[in-house]
Each structure stands twice: as structure tokens, then as C-alpha cells.
Amino acid sequence: MDAFKPCEPQMPPGAPAVKTECARLKVPLDYRDPKGRQAEIALLRVPSRGKNHAR
């Protein structure tokens, strides 16, 4: 399952017109207590521009 969704409407004015995808992920603040307090982090990814630009 892919949690990423398009995020163009949320991009700030003047941002480059690229296809970006966003997601939010909850992670534990203390990995010794994974069910304890959590923080939510935001992720943004930009797909590669083709074979020549792939890693």
C-alpha cells in the first residue's frame, strides 16, 4: 500500500511546477517504547525524470 498522494494544491506559491507526492508518518519519539508518545513527520517525494536521471 502506498501512502503517498499528490500534494500540488499544498505547494507554496512560486514553487517549481513538478509532480510531487506527500505523506504523513507517525513515528515513536522513543523507539524503546514504540507504543508511547509519537511525532508526525511530513514526507515529500519527487519522482525521477526518466532513465537518464535515475540513481
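Residues numbered from 1 in each chain as written. Predicted model: local features only at pLDDT ≥ 70, side-chain atom pairs only at ≥ 80, totals over all residues. Heavy atoms only, no water.

### What about the confidence of the model for the protein?
For clarity, the cut-off: What pLDDT reports is the predictor's confidence in each residue, on a scale of 0 through 100. Working definition: helices are DSSP H or I runs of at least four residues, strands are E runs of at least two. Numbering for both runs from the N terminus.
For the protein, per-residue confidence averages 81 on the pLDDT scale, and 75% of positions sit at 70 or higher. Confidence, read as mean pLDDT per element, is least for strand 1 (residues 5-6) in the protein (86) and greatest for strand 3 (residues 38-45) (92).

### Topic: the environment of Thr20
Rule in force here: Under the scheme applied here, a residue whose accessible area is under 20% of the maximum for its type counts as buried, over 50% as exposed, and between as partly exposed, the area being computed with a 1.4 Å probe on protein chains only.
Turning to its location among the elements, Thr20 is positioned in the loop between strand 1 and strand 2 (21-28). Classification of Thr20 as buried rests on a relative accessible area of 2%. Between the C-alpha atom of Thr20 and that of Pro47, which follows or precedes it by 27 residues, the distance is 7.2 Å.

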